[in-house]
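Notes for the structure review
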Amino acid sequence: MLCPPASIFTGIFGRHRALRVTAVIQAHFTVTPMHRSALIDEKALLQLVAAGDERAFTRVFDHYHQRLGMHIYRITRSEQVAEELVHDVFLKIWRNRELLSEIENFSVYLFVVSKNAALNALKKIAAERTRFTDLEDAAEGEPDQPDDYRYALIDEAIDRLPAQQRQVYLLSRHHRLSYQEIAEQMGISRETVKKYLQIATASMVAYIGKSVKMSPILVLKIFF
């Protein structure tokens, strides 16, 4: 779920979360067009982000991520795509934060970047649908896929886990099994499952944080 950061920090670290746009955002937020919702002292705040200030980045993320999700959803009509693109857009902003000082109007910039990301996603989806329904074209080879840096790092982090931790993580986060179901399937205790999942998540956060030079809090916010 694409929800306020407080919810992100409370222990739900699944790779794909449902973005309950119609139920949650429309019910609990007054959605204002992004180009009309600039932060107070936004220019100064972005200067701090450009210098690597994570608290300033968190303020920017908190202010825009709900509206950005709604904006992308209106274009794609896909909750999953909207969720993924929100995180991808903010990850790119953080990775290229030195360029923020050159942006005159950040809310407009964010509006344009997210729109382009959404349209590119729709093109990718359309291409994939064509590929799967057109056997002749599929036989000629699949087109190159865009580099998904965030998912690539998550996959790398999963691959580095010890075997049992990796199995627990995948059963919990990908197959959505409960602690008890995992315990029964693996022949271990429920508490051991919980412990393995906590250790696995911490290890993944540490690996990704080192790779992108982010604090654990920002890793959780952007990647999970």
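Residues numbered from 1 in each chain as written. Predicted model: local features only at pLDDT ≥ 70, side-chain atom pairs only at ≥ 80, totals over all residues. Heavy atoms only, no water.

**Description of the environment of Ala 50**
- Tracing the backbone through its elements, the reader meets Ala 50 in helix α3 (residues 42–50).
- Taking the C-alpha atoms as reference points, Ala 50 and Asn 96, 46 residues apart in sequence, are found 8.2 Å from one another.
- Setting aside residues up to four positions removed in sequence, Ala 50 forms contacts with Arg 97, Glu 98, Leu 100 and Ser 101. (Helix = DSSP H or I, 4+ residues; strand = E, 2+ residues; numbered from the N terminus. Contact = heavy atoms within 4.5 Å.)

**Here's the deal with the packing of α3 against helix α4 (residues 54–76)**
- Following both chains from N to C, one finds α3 and α4 inclined at 125°, their axes separated by 8 Å at the closest point. In terms of their interaxial angle, α3 and α4 are classed as oblique. In this structure, α3 contributes Glu 42, Leu 45, Leu 46, Leu 48 and Val 49 to the contact, and α4 contributes Ala 56, Phe 57, Arg 59, Val 60 and Tyr 64.
- Residues belonging to the contact of α3 with α4 are distributed by class as follows: 8 nonpolar, no polar and 2 charged. (Axes fitted to C-alpha atoms, helices over the stretch in contact; angles between N-to-C directions. Parallel < 35°, antiparallel > 145°, perpendicular 65-115°, else oblique. Nonpolar A, V, L, I, M, F, W, Y, C, P; charged D, E, K, R; others polar.)

**Structural notes on the packing of aromatic side chains**
- Taken as a whole, this structure holds 5 aromatic pairs when the rule is applied.
- Seen in terms of ring centroids, Phe 106 and Tyr 109 are 6.2 Å apart; in terms of plane orientation they differ by 35°. Their pairing is tilted. Taken together, the residues span about one helical turn, with Phe 106 and Tyr 109 both in helix α6 (residues 106–133) at a distance of 3 residues.
- The ring of Trp 94 is capped by Arg 97, whose NZ or CZ atom sits 4.1 Å from the centre of that ring. (Phe/Tyr/Trp six-rings, centres within 6.5 Å; stacked < 30°, edge-to-face > 60°. Lys NZ or Arg CZ within 6 Å of the ring centre and 35° of its normal.)

**Concerning the packing of helix α5 (residues 79–95) against helix α8 (residues 149–159)**
- Between α5 and α8, the least distance of the axes is 9 Å, while the angle of their chain directions is 90°. As the angle between them shows, α5 and α8 are arranged roughly perpendicular. On the side of α5, the interface is formed by Glu 84, His 87, Asp 88, Leu 91 and Arg 95, while α8 contributes Tyr 149, Arg 150 and Tyr 151.

**Digging into the confidence of the model for the protein chain**
- Summary statistics for the protein chain give a mean pLDDT of 75 and a share of 70% for residues scoring 70 or more.
- The least confident element of the protein chain, judged by mean pLDDT, is helix α2 (residues 21–28) at 33; the most confident is helix α10 (residues 179–186) at 93.
- Here residues 1–36 is modelled with pLDDT under 50, and outside its nearest four sequence neighbours on either side it reaches 87 contacts, counting other chains as well. (pLDDT = per-residue confidence, 0-100.)

**Let's talk about the side chain of Arg 97**
- Relative to the helices and strands, Arg 97 is located in the loop between α5 and α6.
- Buried and unpaired, Arg 97 has no salt bridge, with Glu 98 as the nearest side chain of opposite charge at 4.4 Å.
- Filtering out sequence-adjacent residues up to four positions away, Arg 97 remains in contact with Val 49, Ala 50 and Gly 52. (Buried < 20%, exposed > 50% of the residue type's maximum accessible area, 1.4 Å probe, protein only. Lys, Arg positive; Asp, Glu negative; His and termini not counted. Salt bridge = Lys/Arg side-chain N within 4 Å of Asp/Glu carboxyl O.)

**Comments concerning α10**
- Those residues of α10 not exposed but buried are Ile 182, Ala 183 and Met 186. The buried residues of α10 occupy an angular sector of 100° when projected down its axis, which confines them to one face. Turned more than 90 degrees from where α10 packs its buried face, Glu 184 and Gln 185 sit exposed.
- Those residues of α10 hidden inside the fold are in contact with α9 (163–174) and α11 (190–212). (Arc of directions from axis to C-beta.)

**Re the nonpolar core**
- The biggest cluster of nonpolar side chains holds 52 residues, and the ones touching the most others in it are Phe 90 and Phe 223.
- The dominant element in this core, judged by the number of residues it contributes, is α5, at 9 residues. (Core = buried A, V, L, I, M, F, W, Y, C linked by side-chain atoms within 4.5 Å.)

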